[in-house]
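Chain by chain, the residues:
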Amino acid sequence: MDSAPRIASLVPSVTELLIALGLRPYLVARTGFCIHPAEAVSDVPKVGGTKDVNLAKLRALRPSHVIVNVDENRAETAEALREFVPQLIVTHPQGPQDNLELLAQMLAAFGHLPGVAQRCAELQQDLHAALARCRSQVWPAQRVLYLIWREPWMTVARDTYIARMLAEVGWQSWPEVWGGESGAARYPVLQCNESWLAQIDRVLLSSEPYRFDTSHLAEAQALCPQARVQLVDGELLSWYGPRAAAGLDYLCGLAQTAG
């Protein structure tokens, strides 16, 4: 059908969201990092990575809609896409509450398609309920270092989605920096001699983008000798869309553990 959308998603968590909304039949392109749900995306053509999109291949797939993200994709990619994509949808959730705006964007673009409005409403309800569960409790304040990379160690600024997720359970991310709307400052590099490292209560080692495992626990512990160091599911804490509510519940579970 000529009026059916041809959707390309260059954002892994949004690709998962599109499928959760029942839009798999309209998905014509994804990045190599769009891996969930595996069985649904396996035969969707890949057009490079989030930072190195193959524009020629994408153009050949004739998308009517391309979804990008301020953090995930390059600004120059978005500008190039504007030259041949009828509808470019720019997403930028910066906290769990912003998933409501993300769902509103999907509803505005695809809400006329069967079942999409109902599925959007269900995800909105799930998110409202998860936020309410988090906010119904009084959480003790903790200083947290959330590590996303090593060699060099990299963490998150306080105005990132991850930091605002952590704040829902009273966990304040360090360092005390704000990265702005976009750019490298949102993910600062540690010098490893910062005085505040000695006051960190928890070090969280994310499963992505760097895949931390038990072999890195001692190395991270040396950064913050007084802290509790633990591995965490980075997808649940940083992917928006259908994982947002589950991520909040997961975070509440982490915060309820002693130590």
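Residues numbered from 1 in each chain as written. Predicted model: local features only at pLDDT ≥ 70, side-chain atom pairs only at ≥ 80, totals over all residues. Heavy atoms only, no water.

### Topic: the sheet that holds strand β6 (residues 171-173)
Then, in step 1: Taken together, the 4 strands give an open sheet; going across it, the order is β6-β5-β7-β8, and neighbouring strands pair in parallel fashion. In this open sheet, the two strands that pair with only one neighbour each are β6 and β8 (228-232). Mean inter-strand twist for the sheet, computed between neighbouring axes without regard to direction, equals 35°.
Then, in step 2: Here helix α10 (residues 244-256) sits on the sheet and contacts β6, β7 (202-206) and β8; the angle it forms with β8, its principal contact strand, is near 155°. (Pairing = 2+ DSSP bridges. Helix = DSSP H or I, 4+ residues; strand = E, 2+ residues; numbered from the N terminus. Axes fitted to C-alpha atoms, helices over the stretch in contact; angles between N-to-C directions. Contact = heavy atoms within 4.5 Å.)

### What about unusual backbone geometry?
Then, in step 1: With omega at 5°, the peptide bond leading from Glu-151 into Pro-152 counts as cis.
Then, in step 2: Secondary-structure assignment places Pro-152 in the loop between β5 (142-147) and α7 (161-167).
Then, in step 3: A cis amide bond links Glu-208 to the next residue, Pro-209, at an omega of 0°.
Then, in step 4: By the element assignment, Pro-209 lies in the loop between β7 and α8 (217-223).
Then, in step 5: Phi is positive for Arg-62, close to 55°, though the residue is something other than glycine.
Then, in step 6: Within the fold, Arg-62 resides in the loop between α3 (55-60) and β3 (65-69).
Then, in step 7: Exposure remark for Arg-62: the relative accessible area of 56% places this residue in the exposed category.
Then, in step 8: Even without being a glycine, Glu-151 presents a positive backbone phi close to 55°.
Then, in step 9: Within the secondary structure, Glu-151 is located in the loop between β5 and α7. (Buried < 20%, exposed > 50% of the residue type's maximum accessible area, 1.4 Å probe, protein only.)

### Looking at the pattern of salt bridges
Then, in step 1: For the structure shown, the criterion picks out 10 salt bridges.
Then, in step 2: Across the pair Glu-176 and Arg-158 runs a salt bridge whose closest N-O atoms are separated by 3.9 Å. Taken together, the positions of Glu-176 in the loop between β6 and β7 and Arg-158 in the loop between β5 and α7 put the pair 18 residues apart, joining distant regions of the chain.
Then, in step 3: Assessed through its relative accessible area of 49%, Glu-176 is described here as partly exposed.
Then, in step 4: Taking the relative accessible area as the measure of exposure, Arg-158 reaches 12% and is therefore buried.
Then, in step 5: One salt-bridge network, in which partners are shared between bridges, spans Glu-16, Glu-235 and Arg-243. (Salt bridge = Lys/Arg side-chain N within 4 Å of Asp/Glu carboxyl O.)

### A word on the pairing of β7
Then, in step 1: Here β7 lies mainly inside the structure; 5 of its 5 residues are buried.
Then, in step 2: Bridge count for β7 against β8 is 5 bridges, and the pairing is parallel. When the bridges of β8 are listed, Leu-204 appears paired with Gln-230.
Then, in step 3: What joins β7 to β8 is α8, and the crossover it makes is right-handed. (Right-handed = clockwise from strand over helix to strand, strands pointing away.)

### Some remarks on helix α6 (residues 116-135)
Then, in step 1: Across its 20 residues, α6 extends 28 Å between first and last C-alpha, which sits within 8% of the 28 Å expected from 1.5 Å per residue.
Then, in step 2: All buried positions along α6 are accounted for by Val-116, Cys-120, Leu-123, Leu-127, Ala-130, Leu-131 and Cys-134. End-on, the buried residues of α6 take up no more than an arc of 100°, which puts them together on one face. Of the exposed residues in α6, those oriented more than 90 degrees away from the buried face are Gln-118 and Gln-125. (Expected span 1.5 Å × (residues − 1). Arc of directions from axis to C-beta.)

### Some points on the sheet that holds strand β1 (residues 7-9)
Then, in step 1: One open sheet holds the 4 strands; their spatial order is β2-β1-β3-β4, and the pairing between them is parallel. Single-partner strands in this sheet number two, and they are β2 (27-30) and β4 (87-91). Direction aside, the axes of adjacent strands within the sheet are offset by 20° on average.
Then, in step 2: Relative to β3, β1 is paired through 3 bridges, and the arrangement is parallel. From the neighbouring strand, Ser-9 faces β3, where its bridge partner is Ile-67.

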